[in-house]
Amino acid sequence: MARFAQDMRNGIPLVCHRNGMRVLAYRTAWLLACRRAGGQMKPYAVRHVAATTMLANGADLAAVAGAQLGHSSVATTGSTYAHVTPLGQARAAESMPTLDILEHFHFEIALATA
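Residues numbered from 1 in each chain as written. Predicted model: local features only at pLDDT ≥ 70, side-chain atom pairs only at ≥ 80, totals over all residues. Heavy atoms only, no water.

**Remarks on the overall build of the protein chain**
Along the backbone of the protein chain there are seven helices and two strands. Listed by position from the N terminus, the elements making up the protein chain come as α-β-β-α-α-α-α-α-α. Classification of the 114 residues of the protein chain by burial places 17% in the buried group. (Helix = DSSP H or I, 4+ residues; strand = E, 2+ residues; numbered from the N terminus. Buried < 20%, exposed > 50% of the residue type's maximum accessible area, 1.4 Å probe, protein only.)

**Observations regarding the side chain of Thr52**
For Thr52, the location among the structural elements is in helix α3 (residues 43-56). Once you skip the residues sitting within four places of it in the chain, Thr52 turns out to touch Tyr81 and Val84. (Contact = heavy atoms within 4.5 Å.)

**Overview of the environment of Leu31**
Residue placement: Leu31 occurs in helix α2 (residues 26-37). Judged by its relative accessible area of 38%, Leu31 falls in the partly exposed class. Sequence separation of Leu31 and Met41 is 10 residues, and the distance between their C-alpha atoms is 8.9 Å.

**Topic: α3**
For α3, spanning 14 residues, the distance from its first C-alpha to its last is 20 Å, which sits close to the expected 20 Å at 1.5 Å a residue. Just downstream of α3 lies Gly58, where phi reads positive at about 95°. (Expected span 1.5 Å × (residues − 1).)

**A few points about the environment of Gln68**
With respect to the secondary-structure elements, Gln68 resides in helix α4 (residues 61-68). With 14 residues separating them in the primary sequence, Gln68 and Met54 have C-alpha atoms 9.8 Å apart. What Gln68 contacts, discounting residues up to four positions off in sequence, is Met54 and Ala63.

**Side note on the packing of α4 against helix α5 (residues 74-81)**
Running from N to C, α4 and α5 point in directions that differ by 115°, and their axes come no closer than 9 Å. In terms of orientation, α4 lies roughly perpendicular with respect to α5. Like other packed secondary-structure pairs, α4 and α5 cross with a definite hand, here right-handed. Note on element contacts: α5 touches α4 through Val74, Thr77 and Gly78, opposite Leu61, Ala62 and Ala65. Among the residues forming the contact of α4 with α5, the class breakdown is four nonpolar, two polar and no charged. (Axes fitted to C-alpha atoms, helices over the stretch in contact; angles between N-to-C directions. Parallel < 35°, antiparallel > 145°, perpendicular 65-115°, else oblique. Left-handed = near helix turned anticlockwise from the far one by under 90°. Nonpolar A, V, L, I, M, F, W, Y, C, P; charged D, E, K, R; others polar.)

**Here's the deal with the environment of Ala75**
You can see Ala75 is positioned in helix α5. Once the C-alpha coordinates of Ala75 and Ala65 are considered, the two residues, 10 residues apart in sequence, prove to be 8.7 Å apart.

**Concerning the side chain of Thr77**
Following the sequence through the fold, Thr77 ends up in helix α5. In this structure, Thr77 is in contact with Leu55, Leu61, Ala65, Leu69, His71 and Ala82, ignoring residues within four places of it in sequence.

**Looking at the nonpolar core**
With six residues, the main nonpolar core is built from Ala51, Leu55, Val64, Leu69, Tyr81 and Val84. Those residues in contact with Leu69 that sit more than four places away from it in its chain are Arg47, Ala51, Val64, Thr77 and Tyr81. (Core = buried A, V, L, I, M, F, W, Y, C linked by side-chain atoms within 4.5 Å.)

Honestly, that's just the spatial picture; any functional story needs more than this.
Structure representation (C-alpha cells):
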C-alpha cells in the first residue's frame, strides 16, 4: 500500500491499483474494465497491441523483446513482429514484384489456358 500512496503522490497511478486498493483478482478487474469500456479484449491482445505499437513507432527490437515481452530470443520477437518494423516494411516493399513481371506472368497464364 505504501508504494501505491507514493505513486499517487507522484501522479503515477498504476494499473495494478483500483480505488486506492491493490487488485487481488486481476481477471475480475479486467472483465469489469472491459465492461465499462464497452468492449471485450483478452489481456494477451493488449500485450500484442503494445508490442506492435512500440515497434511501429521505432522502438528497438531487442528492448521490446527482452524488457517488454520477456522473450529469451530476439528472433522470436522479430519473426512475429517483422511486418510492423520500418526495416521489415522496407524489406517487404523491396521484395514486391514489379508490374512488368506481373504482366508477363499474366500473359503466360493466358497462353497456358488458351
